[in-house]
Amino acid sequence: MIKKVITLFTVATMFFSCGSGKESLNDYNDGFNRASLLQNIADNIILPSYNNLNQKLEALEVSTNNFTNFANQNNLEQLRLDWLNAYLSWQNVEMFDIGMAEEIDFRRKMNAYPCNVTRISLNISSEDYDLNSSNHYSAQGFPTLDYLLNGFTDPIQVYNGPESSKHLNYLNNLVQDMLTNTNNIINEWNSNREPFITSTENTATSSLNKLTNDFIFYYEKGFRANKIGIPAGVFSGSPLPQNIEAYYHNLNNNNTSKILALEALTAIMKFFSGIYFDNTSEGNSLKNYLNHLNALEDGDTLSNVIITTFNSAETAINDLDDNLMNQINNNNYQLLVTYDKVQAAVPLLKIDMIGSLNIDVDYIDADGD
Amino acid sequence: MTTRVKQYINSYTDSSPLAVFRIGFGLMMLFSIVRFWNKGWIEKIYIEPSFHFKYYGFEWINSIGEGVYILFILCALSACFITLGFKYRPAIITFFLSFTYIELLEKTVYLNHYYFICVLSFLLIFLPLNSSFSLDNFISKTKSISVPRWTIDSIKLMLCIVYIYAGLAKINSDWLIEALPLKIWLPSKYDIPLIGETLMQENWVHFAMSWGGMLYDLLIPFLLLYKRTRTFAFLLVVFFHVFTRVLFPIGVFPYIMIISALIFFDAQFHKWIINILKIIIDPISKKLSHINIQNVKFNSNKKIIWVLTIFFILQLTIPLRHLSYNGNIMWHEQGYRFSWRVMLMEKLGYTTFKIVDKDKNQFFYVQNEDFLTSYQEKQMSFQPDFILEYAHFLGKNFKNQGYDDIAIYADSYVSLNGRRNQRYIDPEIDLLEIKDSFENKKWILPLKK
């Protein structure tokens, strides 16, 4: 009797599944090569980005040395240029908050803004500080260099005045620390590349899940909130122009914030599509993976919808005043509209992409409700 | 009719199933509490968050900070007492109260199996689980080898209610016609050895498991009740729950269901288990063997029978309350909880809040991580009562900060069972104007498609 019932169920369910299976849109056959995705991201994006940052920081180190030896206007200009180049390069690295970078809080050491001028001044005069303490995150990295290079009315006088050696010491220490951290992370990447690539399982700590979660986190916080939302006053009600990235450089009529934001968005788009850091070749990526899973969004593929949304965010940022500070002061409404365009990708990434990848967030027990 | 009821109430059976159930329940609870503590979840769930979501009607439950550890200790101790059958009645009451209080402290971690434990432990308060093979026997120097049949049957009935309502909930088009959400979940288990890359990817497996799960839930109570299919049914219970344990992060629930299902076996089987236990504890029991224990008749208490009748009427009706709301219950979730709706949906949301200062005609968005942990934010984002409760918390918070006249709007997107994300909460509705109630929540936008 029981056997008969079971056979009947089995036959019924199989019959049923054959009937409707073909019409289903989400026909998953997961044979995707996750290792090749991780390999592409590691070898063609993360490592080249880090190596590039390293190069740019080495150039910064040289110009810092030159400026230390002779603090004149020429050397200052070179130093500012190398700072900007390294800052641009940094935009390609910030989203990879993985491994040692995460352990040492690299992201916050390198780019916590606005910087804390009181803390910086105190550190310079006391010469007693621990850059590894989170209290000092806003007194180091690119934003602090921005202040040290662009924040004084007469920098040449500061770096030749009575406090010059203290200022130069601090400058040198910061650059050294950034370079050392970068080197350490590169070394760790080189030795941990293999385990990174082979960690393809679906758990909260596997490479792919971490990478994806970090990417979304970066898009939401590092990019959307920090670069656009906070300065536009999205979270405070009134605009906060002093919170833009590279604030002091902008004050001197440069367009750095916008350039950095665009560079960051390009890096985001390249990561999503698996485009190599230094050329236009394309490897396996989240885009491919979503396509492989056949994730659809109103008839279009989800990856296309995401890319279109990124593109419209890029267009909106391009249309802004080259100087974001002027934009905020003259027409902040346009910045708020731009924020909405950037924001539009967040539900797509956090709901539809995560849902399609069904990334395991192994937090606590769940019974699916 | 009444004579039949009376006859039933006065019919007796061997009490050993109750003793085995008591020991199994006590040990499972102890294990469950130790596991929860060991994983650091007490800290993470009850202490770290600055704001706690509360159940409707239980907003008065105070968060007690580190004091929650005392509740867990109480819970664990009473579980030990229950296992031993030592001061059983006070122990099970303590367990019920402390466990339920813990659950009421934070709605974010609502799980059907925690609710099951609350309900079951309430039921157990009224059942003589210490009538035999317990330390209480040595204290009172009495035991009852026979107990009324209704005592064991009410545990069986509770289990049947859970299974059958869980099965009924699976009769919906997503589950049966689309094999959702299993079609989303199973392929992502590609990393399970042997079946991950093969069976879990097969369309027919998704359908077979959807239909199989529904039929399992609906039929297993009957297969367990019927003597000739009982052993087979129990093997099925073990297989089903172990399999779900492998696939999903559902903690101790599978084990609790497996142990509980033993209650369906007859006294012979339970006596056999007790005999094994007696051999294990032989050295201790020898010391107590001089105590003379009298067998006394256990009498049914009419009041208890009335309490349990009301209890079961409630258990049968509460899961049906969703019938008074229109629309897809998985979408609006009105009447979703306390209804044995398990593993039914894959739901993801993204919800932020716009605070409008009506005086200054300014607005800003809240960064949820300022107030919520990531798990709270995740849960809040797709459940309407959470969204409303959080909006009111934000309202209070910002009024305390000096904003006098504010309105709060939700910018909310939710995806259900793989559908594209769609707007969830009416963005034109000032949530501060809404009070939570059993009234239909019209500010939830209807599910398209």
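Quick caveat: nothing in here was measured; it's all calculated off a predicted structure.

### Structural notes on the overall build of chain B
Helix and strand counts for chain B stand at 19 helices and eight strands. Computed over the C-alpha atoms, the radius of gyration of chain B is 25 Å, within 12% of the 22 Å expected from 2.2 N^0.38 for a compact globule of 449 residues. Counting only C-alpha atoms and orienting by the principal axes, one finds that chain B spans roughly 85 × 50 × 50 Å. Per-residue burial over chain B gives 57% buried out of 449 residues. Pairs at least 24 apart in sequence give 73% of the contacts found in chain B among residues at least 6 apart. With an accessible surface of roughly 20,500 Å², chain B has 63% of that area assigned to carbon and sulfur atoms. On chain B, the mean spot of the 46 positive side-chain charges and the mean spot of the 35 negative ones are 14 Å from each other.

### Observations concerning the overall build of chain A
When helices and strands are counted, chain A shows 16 helices and two strands. Pairs at least 24 apart in sequence give 75% of the contacts found in chain A among residues at least 6 apart. Element-wise, carbon and sulfur atoms account for 49% of the exposed surface of chain A, whose accessible area totals about 14,900 Å².

### A short note on unusual backbone geometry
Of note, the amide linkage connecting A:Tyr113 to A:Pro114 takes the cis form, showing an omega dihedral of 5°. Position of A:Pro114 among the secondary structure elements: in the loop between α5 (106–111) and α6 (117–126). Across the junction of B:Leu180 and B:Pro181, the peptide omega takes the value 5°, indicating a cis bond. Mapped onto the fold, B:Pro181 is located in the loop between α9 (173–177) and α10 (182–185). Positive phi, normally seen in glycine, also occurs at B:Asn361, with a value near 55°. Locating B:Asn361 in the fold gives a position in the loop between β5 (347–357) and β6 (362–365).

### A short note on the environment of B:Ile429
All names here are of chain B. Tracing the backbone through its elements, the reader meets Ile429 in the segment after β8 (422–423). The partly exposed category is assigned to Ile429, whose relative accessible area is 25%. Separated by 384 residues in sequence, Ile429 and Ile45 place their C-alpha atoms 31 Å apart. Filtering out sequence-adjacent residues up to four positions away, Ile429 remains in contact with Ile408, Tyr409, Ile434 and Trp443.

### Examining empty space enclosed by the protein
Residue and element names in this part refer to chain B. Under the criterion given, the structure shown has eleven cavities of 30 Å³ or more. Here the largest cavity defines a volume of roughly 90 Å³. Contributing to the lining of the largest cavity are Ser32, Ile33, Phe36, Phe72, Cys75, Phe99, Ile102, Glu103 and Tyr114. Of all elements in the fold, only α2 (16–38), α4 (68–84) and α5 (88–105) reach the threshold of two or more residues within the lining of the largest cavity. Its residues assigned to classes, the lining of the largest cavity comprises seven nonpolar, one polar and one charged.

### Quick notes on the nonpolar core
Core analysis: the largest hydrophobic core is formed by 110 residues, its most contacted members being A:Phe142, A:Leu148, A:Phe215, A:Tyr219, A:Phe310 and A:Met353. Apart from the residues lying within four places of it in its own chain, the contact partners of A:Tyr219 are A:Arg224, A:Leu265, A:Ile268, A:Phe310, A:Val342, A:Ala345, A:Val346 and A:Leu349.

### Re the pattern of salt bridges
All names here are of chain A. One pass over the full model with this rule turns up 25 salt bridges over all chains. As a salt-bridge pair, Glu77 and Arg80 come within 3.2 Å of each other at their nearest N and O atoms. In this pair, Glu77 and Arg80 both sit in helix α3 (residues 73–90), three residues apart, roughly one turn of the helix. On the basis of relative accessible area, Arg80 is assigned to the buried category, the value being 15%.

### Here's the deal with the environment of A:Asn52
Residues and elements named next belong to chain A. Here Asn52 is to be found in helix α2 (residues 34–69). Since its relative accessible area comes to 15%, Asn52 is described here as buried. In this structure, the C-alpha to C-alpha distance between Asn52 and Ile268, residues 216 residues apart in sequence, is 17 Å. What Asn52 contacts, discounting residues up to four positions off in sequence, is Ser89 and Phe277.

### Here's the deal with the sheet that holds β5(B)
Taken in spatial order, the four strands line up as β6-β5-β7-β8 (chain B) in an open sheet, and their pairing is antiparallel. With partners counted over all chains shown, the strands left at the sheet margins are β6 and β8 of chain B, one partner each. The sheet contacts of helix α16 (residues 345–357) of chain A involve β5 and β7 (406–416) of chain B, and relative to β5(B) the element is tilted by about 165°.

### Re the packing of aromatic side chains
Inspection of every chain in the model, using the stated rule, returns 63 aromatic pairs over all chains. Between A:Trp90 and A:Phe106 the ring centres are 5.3 Å apart and the planes differ by 80°, which places this aromatic pair in the edge-to-face class. Of the two residues, A:Trp90 is situated in helix α3 and A:Phe106 in helix α5; the sequence distance between them amounts to 16 residues. No difference in accessibility class separates A:Trp90 from A:Phe106, as the two residues are buried. Their ring planes at 20° and their centres at 5.5 Å tell us that B:Phe95 and B:Phe99 sit as a pair that is stacked. Here B:Phe95 pairs with B:Phe99, and both are found in helix α5, just four residues apart, close to one helical turn. Taking the relative accessible area as the measure of exposure, B:Phe95 reaches 0% and is therefore buried. Counting every residue linked through ring pairs, the aromatic cluster contains B:Phe51, B:Phe53, B:Phe353, B:Phe364, B:Phe371, B:Phe386, B:Tyr390, B:Phe393, B:Phe398 and B:Tyr403. A cation over a ring is seen here: A:Arg34 above B:Tyr190, with NZ or CZ 3.2 Å from the ring centre. Its guanidinium or amino end placed over the ring of B:Phe363, B:Lys354 lies 4.6 Å from that ring's centre, counting from NZ or CZ.

### Looking at the pairing of β7(B)
Residue and element names in this part refer to chain B. Burial analysis of β7 places ten of its eleven residues in the buried class, which makes it a mostly covered element. Of the strand pairs in this sheet, β5 and β7 are connected by eleven bridges, and their pairing is antiparallel. For Thr352, the partnering residue across the bridge sits in β7 and is Asp411. In the sheet, β7 pairs with β8 via two bridges, with the strands oriented antiparallel. When the sheet's bridge partners are listed, Val414 is paired in β8 with Gln422. Linking β7 back to β8 in an antiparallel pair, the connection comprises five residues, with Asn417 at a positive phi of about 45°.

### Quick look at the packing of helix α8 (residues 149–169) of chain B against helix α13 (residues 253–261) of chain B
Helix-helix packing: each pair is described by the crossing angle between the helix axes and the interaxial distance. Residue and element names in this part refer to chain B. Relative to each other, α8 and α13 sit at 130°, their axes nearing to 11 Å. Classified by the angle between their axes, α8 and α13 sit oblique to one another. By crossing handedness, the relation of α8 to α13 is classed as left-handed. For the pair α8 and α13, contact is made by Leu159, Val162 and Tyr163 and by Met257, Ser260 and Ala261, respectively. Of the residues assigned to the contact of α8 with α13, the class counts are five nonpolar, one polar and no charged.

### Some remarks on the environment of B:Lys141
All names here are of chain B. Residue placement: Lys141 occurs in the loop between α7 (135–140) and β2 (142–143). Its relative accessible area of 45% is what places Lys141 among the partly exposed residues. Remark: the alpha-carbon pair of Lys141 and Asn326, spanning 185 residues in sequence, is separated by 58 Å. Every residue in contact with Lys141, bar those within four places of it in the chain, is listed here: Asp136, Ile291, Asn292, Ile293 and Gln294.

### A short note on a nonpolar patch on the surface
Taken together, the side chains of B:Trp272, B:Ile276, B:Ile280, B:Ile281 and B:Ile284 make up a nonpolar region of the molecular surface, amounting to roughly 520 Å² of accessible area. The element that contributes the greatest number of residues to the nonpolar patch is helix α14 (residues 267–280) of chain B, accounting for three residues.

### Here's the deal with the confidence of the model for chain A
Residues at a pLDDT of 70 or more form 88% of chain A, whose mean pLDDT is 88. Throughout residues 1–29 of chain A the model reports pLDDT below 50, and contacts reaching past four residues in sequence, or to other chains, amount to 33 contacts.

The rules behind the values
- Residues numbered from 1 in each chain as written.
- Chains lettered and ligands numbered in written order.
- Predicted model: local features only at pLDDT ≥ 70, side-chain atom pairs only at ≥ 80, totals over all residues.
- Heavy atoms only, no water.
- Helix = DSSP H or I, 4+ residues; strand = E, 2+ residues; numbered from the N terminus.
- Rg over C-alpha atoms; globule rule 2.2 N^0.38 Å.
- Buried < 20%, exposed > 50% of the residue type's maximum accessible area, 1.4 Å probe, protein only.
- Contact = heavy atoms within 4.5 Å.
- Areas by Shrake-Rupley, 256 points an atom, 1.4 Å probe, with all protein chains shown as cover.
- Lys, Arg positive; Asp, Glu negative; His and termini not counted.
- Charge placed at Lys NZ, Arg CZ, Asp CG, Glu CD.
- 1 Å grid on protein atoms, 1.4 Å probe; cavity = no way out; pocket = protein on both sides within 12 Å on 5 of 7 lines; lining within 4 Å.
- Points joined across faces, edges and corners; volume = space filled by probe spheres on them.
- Nonpolar A, V, L, I, M, F, W, Y, C, P; charged D, E, K, R; others polar.
- Core = buried A, V, L, I, M, F, W, Y, C linked by side-chain atoms within 4.5 Å.
- Salt bridge = Lys/Arg side-chain N within 4 Å of Asp/Glu carboxyl O.
- Pairing = 2+ DSSP bridges.
- Axes fitted to C-alpha atoms, helices over the stretch in contact; angles between N-to-C directions.
- Phe/Tyr/Trp six-rings, centres within 6.5 Å; stacked < 30°, edge-to-face > 60°.
- Lys NZ or Arg CZ within 6 Å of the ring centre and 35° of its normal.
- Parallel < 35°, antiparallel > 145°, perpendicular 65-115°, else oblique.
- Left-handed = near helix turned anticlockwise from the far one by under 90°.
- Patch = residues over 30% accessible without salt bridge, like charges linked within 9 Å, V, L, I, M, F, W, Y side chains within 5 Å.
- pLDDT = per-residue confidence, 0-100.

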